[in-house]
Amino acid sequence: DGKKVVKKLGAKLCFTEHFLRFKSSAGNLKLKRCTQIKLQEADLKDIEPIVTLSRQIFNNNYKDSKSMIEKSIKADNIIQYTALLDEHLIGMAAVSSETGQASIFGLGISPKYQGKGFGKELMSLILEDLEKRGVQNITIEADSINKNALELYIKSGFEIETSYGYYKKICE
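Residues numbered from 1 in each chain as written. Predicted model: local features only at pLDDT ≥ 70, side-chain atom pairs only at ≥ 80, totals over all residues. Heavy atoms only, no water.

Considerations on empty space enclosed by the protein
- Under the definition given, this model contains 1 cavity of 30 Å³ or more.
- Empty space within the largest cavity amounts to approximately 60 Å³.
- Every residue lining the largest cavity is listed: Phe-58, Met-68, Ile-69, Ser-72, Gln-80, Met-92, Ala-94, Phe-105 and Gly-106.
- Broken down by secondary-structure element, the contributors of at least two residues to the lining of the largest cavity are α3 (62–74), β4 (88–98) and β5 (101–109).
- The leading source of residues in the lining of the largest cavity is α3, at 3 residues.
- The residue inventory of the lining of the largest cavity, partitioned by class, reads 6 nonpolar, 3 polar and no charged. (1 Å grid on protein atoms, 1.4 Å probe; cavity = no way out; pocket = protein on both sides within 12 Å on 5 of 7 lines; lining within 4 Å. Points joined across faces, edges and corners; volume = space filled by probe spheres on them. Helix = DSSP H or I, 4+ residues; strand = E, 2+ residues; numbered from the N terminus. Nonpolar A, V, L, I, M, F, W, Y, C, P; charged D, E, K, R; others polar.)

Printed below as a string of structure tokens:
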């Protein structure tokens, strides 16, 4: 039993990662037609502003951010989205997809615009776009450290399917 091993080792739970699946039957996100942001697919010409935004949101270094975003834009099975407010880049997300299945990752809103409903709006627009593309099986992951993201995903119609606990002998 895993819990007995953890206890015997004296390890403590540091965080939990949740795997969530969208339940479209939840009757949730019928997007209001008064959207403030515009969803757009990114192009390589957009890479520098997206890298800057990614670094602000996720606190990554330049090289890693640029590499990840460039790969997302170039990949055949990934859509790199941007969210624009009055033509200003304020958010981003990517969706990896294969035959009717999609996984959302790298979803974030500029710290300057957080707490104003733009994350929910961005999620709504992405889910609407995926629905138009015929995608019905949509997943996302969130860790327990980012409570705001987990709350957003649940409010958007995702349900926790599986959770993984990460333990350390000494949590920092």
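Having seen the structure, we can now continue with the description.
Brief notes about the layout of surface pockets
- The volume enclosed by the largest pocket comes to roughly 910 Å³.
- Contributing to the lining of the largest pocket are 29 residues, with Leu-107, Asn-146, Asn-148, Ala-149 and Tyr-153 lying nearest its centre.
- Listing elements by their share of the lining of the largest pocket, those giving two or more residues are α2 (47–58), β5, α4 (118–132), β6 (137–143) and α5 (147–155).
- No other element matches α5, which puts 6 residues into the lining of the largest pocket.
- Grouping the constituent residues of the lining of the largest pocket by class yields 13 nonpolar, 9 polar and 7 charged.

Examining unusual backbone geometry
- A positive phi angle, near 50 degrees, is found at Asp-86, a position not held by glycine.
- Tracing the backbone shows Asp-86 in the loop between β3 (78–85) and β4.
- The phi dihedral of Thr-99 is positive, around 30 degrees, even though this residue is not glycine.
- Note on placement: Thr-99 falls in the loop between β4 and β5.

Quick look at the packing of α2 against α3
- The interhelical angle for the contact between α2 and α3, taken along N-to-C directions, is 125 degrees, at an axis separation of 9 Å. What the angle tells us is that α2 and α3 run oblique. As α2 runs across α3, the sense of the crossing is right-handed. Of α3, the residues touching α2 (which contributes Ile-47, Glu-48, Ile-50, Val-51, Ser-54 and Arg-55) are Tyr-62, Ser-65, Lys-66, Ile-69 and Glu-70.
- When the residues that make up the contact of α2 with α3 are grouped by side-chain class, the tally is 5 nonpolar, 2 polar and 4 charged. (Axes fitted to C-alpha atoms, helices over the stretch in contact; angles between N-to-C directions. Parallel < 35°, antiparallel > 145°, perpendicular 65-115°, else oblique. Left-handed = near helix turned anticlockwise from the far one by under 90°. Contact = heavy atoms within 4.5 Å.)

Let's talk about the pattern of salt bridges
- For the structure shown, the criterion picks out 7 salt bridges.
- Here Lys-45 and Asp-46 are joined by a salt bridge, their closest N and O atoms 3.2 Å apart.
- Classification of Asp-46 by relative accessible area gives buried; the value is 16%.
- A salt bridge links Arg-133 to Asp-129, with the shortest nitrogen-to-oxygen separation between them at 2.8 Å.
- Look at the salt bridges and you will find they share partners, linking Glu-41, Asp-129 and Arg-133 into a network. (Salt bridge = Lys/Arg side-chain N within 4 Å of Asp/Glu carboxyl O. Buried < 20%, exposed > 50% of the residue type's maximum accessible area, 1.4 Å probe, protein only.)

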